[in-house]
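Analysis of the macromolecular model
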Amino acid sequence: MPGFNNNTMYPTEAQVIVVGAGPVGLFTALLLKHRGVDVVIVERQKALYPLPRAVAFDHESRRLMESVGLGQQLETVLQTIVSPVGGENSTNFNWRDKDFKLIVDLKWEDPTRSGFPIAMGFTQPQLEALLERTVIERGIPLIRGYALRDIQHSKEDVTAQFVYVPAKNGPLINGHGAAELDIKAKYVVGCDGANSTLLKDGYIPAALQKLGNAQICDPNRPTTVVFGGPGRRRFEFMRLPGEDRDSLLTDKMMWELLDKWGYHPDNCMLERKVIYTFKARWANEFYKERVLLAGDALHLMPPFIGQGLNSGIRDAAAIAWRLPLILNGLANQDALFKSFQNERVEHLEKITRHCILLGEAICETDHEKSAELHRTLRANPPPKGFDPPLGKPGTLTDQPESGRLSLHRQIRVQGGAPTFCDQVHGYGWRLVTMEPMPLESLLTEESRHFFLERLGGKCVNIAPEEDITGEYGRWFEEDLGQSHVVLIRPDFYNFGHAHVQDVNQLVAELRSKFKSL
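Residues numbered from 1 in each chain as written. Predicted model: local features only at pLDDT ≥ 70, side-chain atom pairs only at ≥ 80, totals over all residues. Heavy atoms only, no water.

A few words on the sheet that holds strand 25 (residues 458–461). As summarised here, the arrangement of the 4 strands in space is 25-24-26-27, forming an open sheet in which the pairing is mixed. In this open sheet, the two edge strands, each paired with only one partner strand, are strand 25 and strand 27 (494–499). Across the sheet, the mean angle from the axis of one strand to that of its neighbour is 20°, orientation sign disregarded. Across 5 bridges, strand 26 (residues 484–488) lies against strand 27 in antiparallel orientation. What sits directly across from Val486, in strand 27, is His497. Strands in contact with helix 13 (residues 471–480) are strand 24 (430–433), strand 26 and strand 27; relative to strand 26, the strand with the most contacts, it is inclined by about 95°. (Pairing = 2+ DSSP bridges. Helix = DSSP H or I, 4+ residues; strand = E, 2+ residues; numbered from the N terminus. Axes fitted to C-alpha atoms, helices over the stretch in contact; angles between N-to-C directions. Contact = heavy atoms within 4.5 Å.)

As a further point, take helix 8 (residues 308–327). With 20 residues, helix 8 extends 29 Å between its outermost C-alpha atoms, agreeing within 8% with the 28 Å of an ideal straight helix rising 1.5 Å per residue. With 18 of 20 residues buried, helix 8 is to be regarded as a mostly interior element. Phi for Gly329, located one or two positions after helix 8, is positive at around 75°. (Expected span 1.5 Å × (residues − 1). Buried < 20%, exposed > 50% of the residue type's maximum accessible area, 1.4 Å probe, protein only.)

Per-residue confidence for the protein chain averages 85 on the pLDDT scale, and 89% of its residues sit at or above 70. Least confident of the elements in the protein chain is strand 13 (residues 196–199), whose mean pLDDT is 45; most confident is strand 26, at 97. Under a pLDDT of 50 for its full length, residues 82–91 has, in the predicted model, 22 contacts with residues more than four places off or in other chains. (pLDDT = per-residue confidence, 0-100.)

On to the sheet that holds strand 19 (residues 287–288), then. The strand order across the open sheet built from 6 strands is 8-2-1-12-20-19, with neighbouring strands paired in mixed fashion. A strand with exactly one partner marks an edge of an open sheet, and here the two such strands are strand 8 (142–144) and strand 19. Pairing geometry for strand 12 (residues 187–190) and strand 20 (residues 291–293), over 3 bridges, is parallel. By the bridge assignment for strand 20, Val188 is matched with Val291. The sheet strands contacting helix 8 are strand 1 (16–19), strand 12 and strand 20, and the helix crosses strand 12 at an angle near 175°.

This next bit is on the pairing of strand 16 (residues 232–237). Taken across its 6 residues, strand 16 has 6 buried, putting it largely inside the fold. The side-chain alternation of strand 16 yields two buried faces, one formed by Arg232, Arg234 and Glu236 and the other by Arg233, Phe235 and Phe237. Here 5 bridges tie strand 15 (residues 223–227) to strand 16, and the two strands are oriented antiparallel to one another. Its bridge partner being in strand 16, Phe227 is matched across the sheet by Arg233.

Given below as structure tokens:
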């Protein structure tokens, strides 16, 4: 039972402290709590930030949020991209030149391994409110108004020292009488990292009904037009050389920029206007001693493919399956922390460089160079969905499918309604095969004890008649191997695969990865 400060009733001990209550911090805490970890969140802001920032929510984040029971609630927050009526080739996210002629269609409606659309729109304050409400409902302490001042390290734990952040001209202590707060924990996760229009009655001007979501690669004024969550649109206009920041942010200028798109003060409201300077950076060290970084505290990337927040959600998932194993004595801290950095740094670098490459085409203001980039893109379009594998060496085997997302599709069990496989078989460590023999019968006593009892893993047999679309069958036949079993991690990445008769060697290899790289 964690201790509490007698003066404040704030906890003085926890297994993990999450610093920062943005979406990444809140989700990290929910994942850890879901896996039995005693966690506390500390945030310097006294309330949720009310204005939109991130707007793109991808298929992997959607699947991960399902794993903590948020699938149904997310339906009210997410805006699924649909192909606009009359759009060229029924596109739903496309790049166009200044004359609106199609350069490339990213086809975000195409299938993904996760079974959800490549991207969905959302409004960040709504998502954060949902996550915060869930955090409170599940009994996770959320302490607001305290900023991290220092971390004291010892061999077995850390003590995070926080100081109260008073409001302007406010008291130097909070209502509970504490100017400072010390919390002891085994680990700290740092998630305290670095223009929308609100539509009236969901109004969408005719000019946008055919465009849907688009990057307008216009050298005169590069422009982004995308979803911003239900009832919202987000516009990004490039600030051109010589333009004054203050003049650019006036309502008069905003309405001039929005006029060509059919937006006026009588059909929409300006919710936020701000100038961003895009950066592409990631930390040299992802962890140090007992402190790990996640989200914007770890990396920054331009917004051209909407992966900043989603990369933070992946960080959370990668951390949240590792810490419980370390806390329960099942894995070596150094081995899993090192694999966290190895896997994530390569993944982040590939996505960031891909983002920069696409941004060069979007932001080019030289007409001749812009035209050449458009010709190149039309001849060599970018990948429709960019999901690079995790980096190696990691907590992975050396097979090609290792480090890639596992397939996730609806199945029909015993003639019932089609249901996603995760919802049928639950979440966590999974051994999955399409062979008819029960996998449990092939496990040795040692494997059973380690995988089923200590890891809480589960063996899953997908029968051919349950494979509604035949995609699981093709996945095993073409990518994994017939008569194979695949070991899937809690973050839905494939650890590795082997012939079913070699399932015990696969489990043993996982166990060895927990101890060293």
